[in-house]
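The lines below spell out each chain.
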Amino acid sequence: MATAAAASAAELEADPKAGPEAEGEEDEAKADGARRKVFTRAVATATYKSMGPAWDQHQQREEGVSESDEDEEFAMASSAESSPGDDEWEYDEEEEKTQLEIERLEEQLSINVYDYNCHLDLIRLLRLEGELTKLRGARQKMSEIFPLTEGPNIWLEYGQYSVGGIGQKGGLEKVRSVFERALSSVGLHMTKGLAIWEAYREFENAIVEAARPMAGFLSPFDREQTFDSQLEKVHSLFRRQLAIPLYDMEATFAEYEEWSEDPVPESVIQSYHKALQQLEKYKPYEEALLEAETPRLAEYQAYIDFEMKIGDPARIQLIFERALVENCLVPDLWIRYSQYLDRQLKVKDLVLSVHSRAVRNCPWTVALWSRYLLALERHGVDHQVISVTFEKALSAGFIQATDYVEIWQAYLDYLRRRVDFKQDSSKELEELRSAFARALEYLQQEVEERFNESGDPSCMIMQNWARIEARLCNNMQKARELWDSIMTKGNAKYANMWLEYYSLERAHGDTQHCRKALHRAVQCTSDYPEHVCEVLLTMERTEGTLEDWDIAVQKTETRLARVNEQRIKAAEKEATLAQQEEEKAELRKKARAEKKAQRKKKTRGADKRKADEDNENEWGDEDEERPSKRRKLENSVPAAAEAPEAPDLAAETGLFGKSASADDTPASKQKERAAAPKKDVPKVPHDSSKDSVTVFVSNLPYSMAEPDEKLRPLFEACGEVAEVRPIFSNRGDFRGYCYVEFKEEQAALQALRLDRRDVGGRPMFVSPCVDKSKNPDFKVFRYSTALEKHKLFISGLPFSCTKEELEEICQAHGTVKDIRLVTNRAGKPKGLAYVEYENESQASQAVMKMDGMTIKENVIKVAISNPPQRKVPEKPEARKGPGGPTAPRQTYGARGKGRTQLSMLPRALHRPSATGAQAENGPASKPAATASEVTEAPKMSNADFAKLLLRK
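Keep in mind that what you see is a predicted model, and the values were worked out from it rather than measured.

K.L.:
Report on the overall build of the protein chain, specifying residues and quantitative values.
P.N.:
Each helix and strand counted, the protein chain has 36 helices and 11 strands in total. The buried share of the protein chain, taken over its 952 residues, is 40%. Of the contacts formed within the protein chain by residues at least 6 apart in sequence, a portion of 67% connects residues at least 24 apart.

The following block contains the structure:
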């Protein structure tokens, strides 16, 4: 049967611009079209069944043939399955392992019912084993915890299913009820709502076509009551659909003009054009969704902001539901949706339904449970239901200890609001006190044992209990007992805790207990004792007797004297340590000077004058040629503009023994090298006004030839490059860093994404160009240093572990968004990694399953990413000060290594300042000798030199 809906479905499949198949969703569009065709056939079958026995006989003949074919096929399949195989015994061991795994998963779910991956594994194994009864039960349990989100396809299938019961009593109205619910749920969906509208119209139109042959035989009254009223239902559906902005509205309007025998009313045309105008406003957001990749959270957030400005509640609800189909595990989206419903719509069934779905999708988020409890109370739900909901929240498996304190506080607030404190005693009051006691016990036993920390270090729950007892129940005795317990938990040293207790006693207690509390505070407070003493003296000045005043003055003076004495001792200790460090620094400096003088004396021989002349000429030129380590940057670039990740220049020049030292080169070659002409390197001054369009590039290979030509193509991909300014030494050697100046600021921002790009086997560092003299606190660090619940920190990885291998391991526990292997400056792995999951739940599951795992004989450690705060590097002047430690410097031998290695160079050719320079500029591997350990060489007279000459 060729119908209008089927034709429209075919047009949707053929037209790539219509509906959701516009951007690579051909498969889904074909499935929708096939589903609509099946639905059309089902509608026609259900409608024409009412035409009489002839239709039934024809249908029975077709069904009989199909059933016989199916019976034959089933018999063949059963025969094939009934024949036993010869290798069934091979599967016994595997089946036994599977059964053990099923039992383990069931036991794990009995402990933690919110283990999402465990549910999936159990369902998979039960399906493989063919345990249909258990499989049905497992799916039912999972659906109770983790719901499926509604969508257009599900409603379409539900409508098709409901058509099958059209022959039953009231079946026609039931089908219409299902379609009306579908329209209210997804009828405004711009890309997929069209299928629901067409299916509904096809259903009503099929009834019209079935009644059309009999319309000529009816009386005018009966025709109006049956045929004409049914015809009006189809007209109404067309008009309703054309008033809503949907994709392919033009085809729907053309279909209406062709189907309707009368001209389209002017009011319908106006509504149609208005909907077309609205469609143009919505198209940018819909196209952004079609072009983006799943889960498209940012695009949905922008769409939600747009709908919130317009303020149509139905469309706002629809866009939230569409966003949640792909982002059902994003707690912030549920919070925003439930907050809108709580404050704007306030429809009980809708609000509670969304809250219930939110906690079922994201049970680990305490904010959703707290909002759910408030919504239940706000809409007057029975107390028993709220209590059950709270118990479910406790078993949800929160990630932090503080989350349990928050959910307990929300529930205790609810119980407090139920109590009528005008009565001395009531059932609600006893329940509140019992809940407070249970909360303290739960936090102490369950939470502290699980997290090894207290979720409530300030005892906020106990403080609230004490306030309620004092202010609402007039039970100061109980409040004092609670505050005494608070102080014994390590809070007695804090002045604010004592002052809080003092305020409570002032409001609801008596002066005697206030005085007693302040006296204890004076003795115990260690952070702000002066403030507590001042409060005590103020109280005694206004209320106390002379004796009370004398006692208070005596106690405060004694306490403050003791505090001052402790502070003086601490200051003296610090000064002593600083002086000791200063003395050690002076001794090290003196020892280095004496060793340098000693080495100079040892190099003097018989031919002293000639050696002195050679050394003076040679090292005089060398001093002019070799730049100092502390010299400012060449090319007139200020040192303050250099990025914090500038390379260690000495590592490439041989000062630390990483390359051949000057002593390994014969003296003749050294002289040639010293006399070599300098390269003419143009010096370009750095313009600090162009820092916004300039990036600083460092950690480049020192052997890179023509850095300008090699780096320019790499950075031109980010935008037009004005200049690449590499930095060279006086000899013309590339120093491993440069400045890249762009024409536009946007290109410089784009270039920052090239940070850590591999260039010549080393990770290239790209950072903003900032003058540190103007911004001394500037520091570039692109990774977060705060708690990230969806990201894992993995340590102990083998150095040979690749990113692909780690991703394969981590994908078994959830969707991996990003993996970063931590490397050093040379790009070598450090055995550390950060793995970012799609949500907090997957990350927490991965921690439990991967912590302690063995990878290539290495046992790894896995934890939620929570890096410590990065310490600010100590300034050079602080290290050189009296209190700053001065690291000892290592003395290198003749070949740049340990002093235990002997030098094969004749003593007469030793250069006196070479060793000294290395000793002064080299790093420390062992402490320098003190002054007492240095032994001076015996002084030689002229007669001694004469004897040396005569020995030749």
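Having put the structure on the table, let's press on.
K.L.:
With reference to specific residues and values, describe the side chain of serine 387.
P.N.:
Considering the arrangement of structural elements, one finds serine 387 in helix α18 (residues 383-394). Among the polar contacts made by the side chain of serine 387, one reaches the side chain of tyrosine 411 at a distance of 3.2 Å.

K.L.:
Give me the lowdown on the packing of helix α14 (residues 313-326) against helix α15 (residues 331-345), citing residues and values where you can.
P.N.:
Interhelical geometry of α14 versus α15 gives an angle of 160 degrees and a closest axis separation of 10 Å. Our classification of the angle between α14 and α15 gives roughly antiparallel. Here α14 runs over α15; the crossing is left-handed. Contacts from Pro313, Ile316, Gln317, Phe320, Glu321, Ala323 and Leu324 in α14 reach Leu333, Trp334, Arg336, Tyr337, Tyr340 and Leu345 in α15.

K.L.:
How would you explain a negative patch on the surface if you had to name every residue and give the values?
P.N.:
A cluster of acidic side chains, namely Glu93, Glu94, Glu95 and Glu96, defines a negative patch on the protein surface. Among the secondary structure elements, glutamate 96 is positioned in helix α4 (residues 92-111).

K.L.:
If you had to explain the pairing of strand β2 (residues 721-728) to someone new, which residues and values would you point to?
P.N.:
The buried fraction of β2 is high, at 6 of 8 residues. The pairing of β2 with strand β3 (residues 734-742) spans 6 bridges and is classified as antiparallel. Directly across from valine 721, in β3, lies its bridge partner phenylalanine 742. As consecutive antiparallel partners, β2 and β3 are separated by 5 residues, and within that stretch glycine 732 has a phi angle of approximately 95 degrees, a positive value.

K.L.:
So what's going on with the confidence of the model for the protein chain? Residues and values would help.
P.N.:
With 68% of its residues at a pLDDT of 70 or more, the protein chain shows a mean pLDDT of 75. Within the protein chain, helix α28 (residues 650-653) has the poorest average pLDDT of any element, 34, and helix α17 (residues 366-378) the best, 96. In this model, residues 1-25 is a region of pLDDT below 50 whose contacts with residues beyond four sequence positions or in other chains number 47 contacts. Segment residues 912-937 is flagged for pLDDT under 50; beyond a separation of four residues in sequence, or across chains, it makes 54 contacts in the model.

K.L.:
Residue-level account of helix α30 (residues 707-716), with values.
P.N.:
Where α30 is concerned, the buried positions are Pro707, Leu711 and Phe715. Along the axis of α30, the buried positions cluster into a sector of 35 degrees, meaning they face one direction only. Of the residues in α30, the exposed ones pointing more than 90 degrees away from the buried face are Glu709, Lys710 and Pro713. Contact partners of the buried residues in α30: β1 (694-698), β2, β3, α31 (745-751) and β5 (762-768).

K.L.:
Before we move on, could you go through the environment of histidine 813 and cite the residues and values that matter?
P.N.:
Mapped onto the elements, histidine 813 comes out in the loop between α32 (803-810) and β7 (816-823). Along the sequence, histidine 813 and cysteine 118 sit 695 residues apart, while their C-alpha atoms lie 10.0 Å from each other. Non-local contacts of histidine 813, meaning those with residues more than four positions away in its chain, are made with Asn117, Tyr837, Gln842, Ala846, Lys849, Met850 and Met853.

K.L.:
Explain the pattern of salt bridges to me, using residue names and the numbers behind them.
P.N.:
A complete count under the given rule lists 34 salt bridges for this structure. As a salt-bridge pair, glutamate 101 and arginine 104 come within 2.7 Å of each other at their nearest N and O atoms. With glutamate 101 and arginine 104 both in helix α4 and 3 residues apart, the pair spans about one turn of that helix. The class for glutamate 101 is partly exposed, based on a relative accessible area of 29%. Residue classification places arginine 104 among the partly exposed positions, given a relative accessible area of 41%. Here arginine 480 ties to glutamate 505 by a salt bridge, and the two come within 2.7 Å at their closest N and O atoms. Residue arginine 480 is located in helix α22 (residues 476-491), and its partner glutamate 505 is located in helix α23 (residues 495-508); the two are separated by 25 residues in the primary sequence. Residue classification places arginine 480 among the buried residues on the basis of a relative accessible area of 16%. Look at the salt bridges and you will find they share partners, linking Lys690, Glu723, Arg725 and Glu741 into a network.

K.L.:
Lay out helix α20 (residues 427-451) in plain terms, naming residues and giving numbers.
P.N.:
Spanning 25 residues, α20 covers 34 Å between terminal C-alpha atoms, matching the ideal 36 Å at 1.5 Å per step. Leucine 443 marks the point of greatest bend in α20, at about 30 degrees. Every buried residue of α20 is accounted for by Leu429, Leu432, Ala435, Phe436, Ala439, Tyr442, Leu443, Val447 and Phe451. Looking one or two residues past α20, asparagine 452 carries a phi angle of roughly 55 degrees, positive in sign.

K.L.:
Tell me about the packing of helix α19 (residues 401-418) against α20, and please be specific about residues and values.
P.N.:
Where α19 meets α20, the axes come as close as 10 Å, and the angle between the chain directions of the two elements is 175 degrees. Accordingly, the angle class assigned to the pair α19 and α20 is roughly antiparallel. Contact residues: Ala401, Tyr404, Val405, Trp408, Tyr411, Leu412, Leu415, Arg416 and Arg418 in α19; Glu428, Glu431, Leu432, Ala435, Phe436, Arg438, Ala439, Tyr442, Leu443, Val447, Arg450 and Phe451 in α20.

K.L.:
Residue-level account of the sheet that holds β7, with values.
P.N.:
Spatially, the 4 strands line up as an open sheet ordered β7-β8-β6-β11, and their pairing is antiparallel. Every other strand in the sheet has two partners, leaving β7 and β11 (861-865) as the edge strands with one partner each. The mean inter-strand angle of the sheet, taken between neighbouring strand axes irrespective of direction, is 25 degrees. The strands touched by α32 are β6 (788-795), β7 and β8 (829-837); relative to β7, the strand with the most contacts, the crossing angle is about 140 degrees. Each of β6, β8 and β11 touches helix α33 (residues 840-850); the most contacted strand, β6, lies at about 25 degrees to it.

K.L.:
How would you sum up unusual backbone geometry? Please name residues and give values.
P.N.:
The amide bond that connects threonine 294 to the next residue, proline 295, takes the cis arrangement and shows omega of 15 degrees. Within the fold, proline 295 resides in the loop between α12 (266-291) and α13 (297-310). Positive phi is not limited to glycine here, since cysteine 459 has a value of about 55 degrees. For cysteine 459, the position within the fold is in the loop between α20 and α21 (460-472). We classify cysteine 459 as buried; its relative accessible area is 6%. The phi torsion at asparagine 474 lies on the positive side, around 55 degrees, for a residue other than glycine. Looking at the element boundaries, asparagine 474 is found in the loop between α21 and α22.

Reading the values: the criteria
Residues numbered from 1 in each chain as written. Predicted model: local features only at pLDDT ≥ 70, side-chain atom pairs only at ≥ 80, totals over all residues. Heavy atoms only, no water. Helix = DSSP H or I, 4+ residues; strand = E, 2+ residues; numbered from the N terminus. Buried < 20%, exposed > 50% of the residue type's maximum accessible area, 1.4 Å probe, protein only. Contact = heavy atoms within 4.5 Å. Polar contact = N/O pair within 3.5 Å; in protein donor to acceptor, adjacent residues only side chain to side chain. Axes fitted to C-alpha atoms, helices over the stretch in contact; angles between N-to-C directions. Parallel < 35°, antiparallel > 145°, perpendicular 65-115°, else oblique. Left-handed = near helix turned anticlockwise from the far one by under 90°. Patch = residues over 30% accessible without salt bridge, like charges linked within 9 Å, V, L, I, M, F, W, Y side chains within 5 Å. Areas by Shrake-Rupley, 256 points an atom, 1.4 Å probe, with all protein chains shown as cover. Salt bridge = Lys/Arg side-chain N within 4 Å of Asp/Glu carboxyl O. Lys, Arg positive; Asp, Glu negative; His and termini not counted. Charge placed at Lys NZ, Arg CZ, Asp CG, Glu CD. Pairing = 2+ DSSP bridges. pLDDT = per-residue confidence, 0-100. Arc of directions from axis to C-beta. Expected span 1.5 Å × (residues − 1). Bend = angle between axes of the 7 residues up to and from the residue.

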